[in-house]
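# Architecture and fold: a report
Below are the chains, spelled out letter by letter.
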Amino acid sequence: MKINGEVTTGLGKAAYFLSQEFYSLEFERNLGFVPFPGTLNVVVSDDYLDEINEIKNNCQNLIKPDEGFGAVKYISAKLCDEINGAIVFPAKTTHEENYLEFIAENKLRDQLNLKDGDIVSLEF
């Protein structure tokens, strides 16, 4: 599946969670990289929600963290046909369903010179 979405500023909570050792170690073990402590938030059209929810509900990739933290499902994905990473689906989130959170090894806003409102593609 390949979709386009709009880059938007998140709430800043992912930086804290992705800096937790149990998350970073699991992502490194399962995806081959330690994620930058933060996500790239991409708002996609509601037209894709049924397909995204089906992927999320059937996803078997799961990190069950230490007590006090929520589980995270994830799927490998590619951003703008060039950046390998993953889309994460935190069990505890305040985002709307049409917000996708993409993780990668580097700070993507800097690497790709992205700003709010830019359109990016996600393939998963």
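Let us look at the structure shown here. Computed from a predicted model, the values in this text were never measured in an experiment.

### Focus on the packing of aromatic side chains
Tallied over the full model, the rule gives seven aromatic pairs. Their ring planes at 85° and their centres at 5.8 Å tell us that phenylalanine 17 and phenylalanine 69 sit as a pair that is edge-to-face. With phenylalanine 17 in helix 1 (residues 14-18) and phenylalanine 69 in the loop between strand 3 (62-63) and strand 4 (72-79), the pair connects residues that are 52 residues apart, well separated along the chain. Ring centres of phenylalanine 27 and tyrosine 74 lie 5.4 Å apart, and the angle between their planes is 75°; this geometry places the pair in the edge-to-face category. Of this pair, phenylalanine 27 sits in helix 2 (residues 21-31) while tyrosine 74 is found in strand 4, placing the two residues 47 residues apart along the sequence. In terms of burial, phenylalanine 27 and tyrosine 74 fall into one category: buried. Members of the aromatic cluster, joined through ring pairs, are Tyr16, Phe17, Phe22, Tyr23 and Phe69.

Thresholds, definitions, all that
- Residues numbered from 1 in each chain as written.
- Predicted model: local features only at pLDDT ≥ 70, side-chain atom pairs only at ≥ 80, totals over all residues.
- Heavy atoms only, no water.
- Phe/Tyr/Trp six-rings, centres within 6.5 Å; stacked < 30°, edge-to-face > 60°.
- Helix = DSSP H or I, 4+ residues; strand = E, 2+ residues; numbered from the N terminus.
- Buried < 20%, exposed > 50% of the residue type's maximum accessible area, 1.4 Å probe, protein only.

Any functional reading would require information that these geometric values do not contain.
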